[in-house]
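Architecture at a glance
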Amino acid sequence: MAAADKPMVIADDLHIVYRVFGAGGDKGTAATALLRIMGRKTRGSIREVHAIRGVSFVAYRGDAVGVIGRNGSGKTTLLRAIAGLLPPEQGNVYTDGEAALLGVNAALLDDLTGERNVVLGCLAMGMSKAETKEKFPSIVDFSGVGDFIDLPMKAYSSGMGSRLRFAIAASKSQDILLVDEALATGDAEFRVKSHARIEELRGDAGTVFLVAHNLEEVEQTCNRVIWMERGQIVTQGENVIEIIDRYIAASGGTPVERDPVTGKRIHARVPAKT
Amino acid sequence: MSNDRRLSAPGSLQGGGEFDLSGLATAELPDTPLAELAAQHGLRPSAERPPVFQYMRHLWQRRHFIMAFATARNIAMYTEARLGQVWQVLTPLLNAGVYFLIFGLLLHINRGIPNYLGFLVTGVFVFNFTQRAFISTSTVITESLPLIRALRFPRAALPLAYVMIELQQMLLSMLVLAVIVLCTGEPITWYWLLVIPALLMQTIFNVGAGLAVARLGSNVNDFSQLLPFLMRTWLYVSGVLFNIATLDVGRKYIALLQINPAAIYISLIRNAMLETQRESEPGAMPYNKVKCDTWQHLKKPLDWSAYCHPVTNPAHYWIYGIAWAVLALVVGFYFFWRAEAKYGRG
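Looking now at the overall build of chain B. Helices and strands together make up the secondary structure of chain B, namely 16 helices and 1 strand. Computed over its C-alpha atoms, the radius of gyration of chain B comes to 27 Å, more than 25% above the 20 Å expected for a compact globule of 346 residues. Considering only C-alpha atoms, chain B reaches an extent of 100 × 50 × 35 Å along its principal axes. Burial status across chain B gives 39% buried among its 346 residues.

As structure tokens, this is what we get:
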């Protein structure tokens, strides 16, 4: 990165600690055992989970940063911290402008219709009434939920729900967009659309963070990658393909066959064009 | 320095630990300390809470969201029921019906109060507004966690919207109340207009207190369990079911109970709606020891309570009403705003 580049997100020795209530239920599962070990010094049924332990990085304008790592390595927590939804225990995250978090788990109001969710989402993001009216058709169109728009969101399939959420959050030009596996549930057509939208947002001088277990997704979309394990960064850099190959090797997966010249994956089938 | 810095955390994965990273280039962090770099480029901490006036401005920008959210919640609340929105009117009617059955038909209690049914129903409806506002705002943060974690907006919009829902409900209740009060033989008078400022003050009080309750409910899970008991105690000491002045606890405590916010708003609205209340209020007539003592011992004739000295001056109730509203709003807003960055933590 050249020095003239404008940093958009800076994490400076970031630590995040979760407080978990009611962790006392002794079900004897691995998860509760882990909580017991990690939360030894806390009182009562309140346990602490040290989810992010000293993470530092700088992301610049126009970057698309892929965050990879196993389940529970702190990827989602990191995104929440960037979005300002979790206060840091130590260190800090600095952002230029607001960060919007898009996640598969981030349900809106399930018992309301899709329509109302679109309107509420737009208003909550600070759009005016007129702006909301103007954006409404394009959001519904982009989400592709069609006639389901006047049904309560609990009637939606998980794919439809996350498409609508993506459409709402992506309707406003965000300085920083944080995508948490939101693309994983969409069908092929929606993936192509959302890729295009992410590219557009990057073009608007924004920065995109993408958490995905689908490594091909990361390879295609991102120019930087952060590999996390147990709340810490194993390695990070712009050598996306190399890092991903190491990650696959470390997690015991089959190595990806690559074209020796371009580094692109060699597929049995023709990959979807993006 | 960058690598040391990155791996400085306790229990760090020394050199990648079990991972084979040999020969892999790692991106170097800039040489400037990161906090300084952030300051140079005008980056702000992401979990920073905005200054209080900016926060108010953001909240004002979200006014359409607050109203739309309140309406949407209100509709969603009744979508499961076949009668739908009709329940908004049915709920206060049934409420009043229960009290009429028990106190009007079965017990024939008047506790030294003329038009006891009107007295009781007014008290129940007015207290209900505050009670419902408290109970619903105590869970608003945990209930809306998905929304809080998905979108960025001033969180005070949520408790505000919930109080607006209760206000809509209260306005419908007031229509039902007007009909009931007329049925008990009270006349329509210009005094009824005083209900408007009284309700306005009560709403402001509920917003302020609701903000405080929302914060308490967001991080102390036990609070919302405890709240119904606190509310019931408050109901009994606020003179909903009986006249506080008849309690045998000494004038000092009676005065304290009479100026508690719930009792103040109940008294203001009772005095506006019920002529019998205005006329039987202690101090409404010149002091007369014989008549007052008769009322105190026999609890009749019902309106002779007017010949006693008031414990707290009813003319001051409006001042107390305004004071409680302003105090609750200022303290509640500040208290809620202090924790603004923490509500997403869950």
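Residue and element names in this part refer to chain B. As for its placement among the helices and strands, Lys299 is situated in the loop between α15 (289–298) and α16 (317–338). C-alpha of Lys299 to C-alpha of Thr246: the two residues are 53 residues apart in sequence and 9.4 Å apart in space. Lys299 has contacts with Arg111 and Gly112, leaving out every residue within four places of it along the chain.

Moving on, we come to the nonpolar core. Core analysis: the largest hydrophobic core is formed by 154 residues, its most contacted members being A:Ile82, A:Leu178 and A:Leu210. Setting aside chain neighbours within four positions, we find A:Leu178 in contact with A:Leu79, A:Ile82, A:Ala83, A:Ala99, A:Ala100, A:Leu101, A:Leu102 and A:Phe209. In terms of nonpolar packing, the next biggest core, distinct from the first, is built from 5 residues, B:Trp295, B:Trp304, B:Ala306 and B:Tyr307 among them.

Residue and element names in this part refer to chain B. Taken N-terminus to C-terminus, the directions of helix α6 (residues 116–138) and helix α9 (residues 157–183) make an angle of 170°; their axes are 9 Å apart at the nearest point. Considered as vectors, α6 and α9 are oriented roughly antiparallel to each other. From α6, Gly118, Val121, Thr122, Phe125, Phe129, Arg132, Ala133, Ser136 and Thr137 reach across to α9, where they touch Pro159, Tyr162, Val163, Glu166, Met170, Ser173, Leu177, Ile180 and Val181.

All right, on to the interface of chain A and chain B then. By a frequent convention, interface size equals the accessible area lost on bringing the separate parts together. At the interface, 57 residues of chain A touch 48 residues of chain B. Listing elements by their share of the side of chain A that touches chain B, those giving two or more residues are β1 (7–20), β2 (47–60), α2 (75–82), β4 (90–95), β5 (99–103), α3 (114–124), β9 (232–237) and α8 (240–250) of chain A. Residue composition of the side of chain A that touches chain B, grouped by class: 30 nonpolar, 12 polar and 15 charged. Across 2 bridges, the pairing between β4(A) and strand β1 (residues 44–45) of chain B is antiparallel. Pairing of A:Tyr94 across the sheet is with B:Pro45, part of β1(B).

This part takes up the environment of B:Ser144. Its location among the elements puts B:Ser144 in the loop between α7 (140–143) and α8 (145–150). Sequence spacing of B:Ser144 and B:Leu298 is 154 residues, and the spatial spacing of their C-alpha atoms is 54 Å.

Before going further, it helps to examine the pairing of β9(A). All names here are of chain A. The element β9 is extensively covered by neighbouring structure, given that 5 of its 6 residues are classed as buried. By the bridge criterion, 5 bridges tie strand β8 (residues 224–229) to β9 in an arrangement that is antiparallel. Looking at the pairing, Val225 lines up with Gly237 of β9.

Below, the discussion takes up the packing of helix α4 (residues 63–79) of chain B against α9(B). Residues and elements named next belong to chain B. Between α4 and α9, the least distance of the axes is 8 Å, while the angle of their chain directions is 55°. As summarised for this structure, α4 and α9 are arranged oblique, according to the angle between their axes. Between α4 and α9 lies a crossing whose hand is right-handed. Counted together, Phe65, Ile66, Met67, Phe69, Ala70, Arg73 and Asn74 of α4 and Ala157, Leu160, Ala161, Met164, Ile165 and Gln168 of α9 form the full contact between these two elements. Taken together, the residues of the contact of α4 with α9 sort by class into 10 nonpolar, 2 polar and 1 charged.

Turning next to the pairing of strand β7 (residues 207–211) of chain A. All names here are of chain A. Counting buried positions over the 5 residues of β7 gives 5, a clear majority of the element. Residues of β7 alternate between two faces, with Thr207, Phe209 and Val211 on one and Val208 and Leu210 on the opposite face, all of them buried. The pairing of strand β3 (residues 64–68) with β7 spans 4 bridges and is parallel. Across the sheet, the residue bridging to Val65 is Phe209, located in β7. The sheet contact formed by strand β6 (residues 176–180) and β7 spans 5 bridges and is parallel. Residue pairing in the sheet places Leu177 in a bridge with Val208 of β7.

Further remarks concern the confidence of the model for chain B. Residue and element names in this part refer to chain B. Per-residue pLDDT for chain B averages 84, and the proportion of residues at 70 or more is 93%. Taking the mean pLDDT of every element in chain B, the minimum, 38, falls on helix α1 (residues 2–6) and the maximum, 96, on α16. Across residues 1–16 the pLDDT falls below 50, and counting only partners more than four positions away or on other chains, this stretch makes 21 contacts in the model. Per the prediction output, this complex has pTM 0.81; the corresponding ipTM is 0.72.

Procedures and definitions
- Residues numbered from 1 in each chain as written.
- Chains lettered and ligands numbered in written order.
- Predicted model: local features only at pLDDT ≥ 70, side-chain atom pairs only at ≥ 80, totals over all residues.
- Helix = DSSP H or I, 4+ residues; strand = E, 2+ residues; numbered from the N terminus.
- Rg over C-alpha atoms; globule rule 2.2 N^0.38 Å.
- Buried ≥ 20, exposed ≤ 12 C-beta atoms within 10 Å, placed from the backbone.
- Contact = placed C-beta atoms within 7 Å.
- Core = buried A, V, L, I, M, F, W, Y, C linked by C-beta atoms within 7 Å.
- Axes fitted to C-alpha atoms, helices over the stretch in contact; angles between N-to-C directions.
- Parallel < 35°, antiparallel > 145°, perpendicular 65-115°, else oblique.
- Nonpolar A, V, L, I, M, F, W, Y, C, P; charged D, E, K, R; others polar.
- Pairing = 2+ DSSP bridges.
- Left-handed = near helix turned anticlockwise from the far one by under 90°.
- pLDDT = per-residue confidence, 0-100.

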